Amino acid sequence: MSIADSGSAAPTRAKDPRVAPALLRYRVLAYATGIWLLVLTAEMVAKYGFGVQDLPGWIAVVHGWVYFVYLLLTLDLAVKVRWPVGRTVGTLLAGTVPFLSFVIEHRRTQQVKRDFAV
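Scope of this entry: the structure provided in the associated data block. This structure is a prediction, so every number in the text was calculated from the model and none was measured.

This part takes up the side chain of Gln-111. For Gln-111, the location among the structural elements is in helix α4 (residues 100–116). By relative accessible area, Gln-111 is classed as buried at 9%. A distance of 2.8 Å separates a polar atom in the side chain of Gln-111 from a polar atom in the side chain of Asp-115. When sequence neighbours within four positions are dropped, the list of residues in contact with Gln-111 reads Trp-83 and Arg-87.

Listed below in structure tokens is the structure:
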């Protein structure tokens, strides 16, 4: 193997039948978390930025539960694809910054599809 052959592209790993369903579950919850975080952000802006008082109080609760399930399913995927700790923590925290869960979901999906031929 020469230095030119040691590029940054990871070799395709053996196809694991558990990866594709875990990836799908992660993707669904990443989008759900991102959407509920945007709704929560809009609620906070309306409440604290514009003084709107008649807002439902359950939006934060729903986002919290969706985020909790996102954490569990992200950990499930991380274990199956053997992500390093830094990548796992970064992916877990992506559900706390508006729009970031969509960006990270896309990157992680491309990486998993490339590495596991899913």
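Of all hydrophobic cores here, the largest spans 18 residues; its most connected members are Tyr-26, Tyr-70, Leu-77, Val-81, Trp-83 and Val-112. Breaking this core down by element, the ones donating at least two residues are α1 (19–50), α2 (58–81) and α4. Looking at this core, the element that brings in the most residues is α2, giving seven residues.

Here Phe-99, not a glycine, exhibits a phi torsion of approximately 75°, which is positive. Phi is positive for Ala-117, close to 50°, though the residue is something other than glycine. Mapped onto the elements of the fold, Ala-117 is located in the segment after α4. Residue Ala-117 is classed as partly exposed on the basis of its relative accessible area, which comes to 41%.

Throughout the structure, instances matching the rule amount to six aromatic pairs. Each ring, one from Tyr-26 and one from Trp-83, has its centre 6.4 Å from the other, and the planes form 85°; the classification is edge-to-face. Here Tyr-26, found in helix α1, pairs with Trp-83, found in the loop between α2 and α3 (85–93); they are 57 residues apart in sequence, far enough to count as distant. Classification of Trp-83 by relative accessible area gives buried; the value is 8%.

Moving on to the packing of α2 against α3. Angle between the axes and distance between the axes: these two values describe a pair of packed helices. Remark: α2 packs on α3, axes separated minimally by 10 Å, with the N-to-C direction vectors making an angle of 155°. On the basis of the axis angle, α2 is roughly antiparallel to α3. Between α2 and α3 lies a crossing whose hand is right-handed. Along the contact surface, α2 presents Tyr-67, Tyr-70, Leu-71, Thr-74, Leu-75 and Ala-78, while α3 presents Thr-88, Thr-91, Leu-92 and Leu-93. Looking at the contact of α2 with α3 residue by residue, the classes come out as seven nonpolar, three polar and no charged.

Cut-offs applied
- Residues numbered from 1 in each chain as written.
- Predicted model: local features only at pLDDT ≥ 70, side-chain atom pairs only at ≥ 80, totals over all residues.
- Heavy atoms only, no water.
- Helix = DSSP H or I, 4+ residues; strand = E, 2+ residues; numbered from the N terminus.
- Buried < 20%, exposed > 50% of the residue type's maximum accessible area, 1.4 Å probe, protein only.
- Polar contact = N/O pair within 3.5 Å; in protein donor to acceptor, adjacent residues only side chain to side chain.
- Contact = heavy atoms within 4.5 Å.
- Core = buried A, V, L, I, M, F, W, Y, C linked by side-chain atoms within 4.5 Å.
- Phe/Tyr/Trp six-rings, centres within 6.5 Å; stacked < 30°, edge-to-face > 60°.
- Axes fitted to C-alpha atoms, helices over the stretch in contact; angles between N-to-C directions.
- Parallel < 35°, antiparallel > 145°, perpendicular 65-115°, else oblique.
- Left-handed = near helix turned anticlockwise from the far one by under 90°.
- Nonpolar A, V, L, I, M, F, W, Y, C, P; charged D, E, K, R; others polar.

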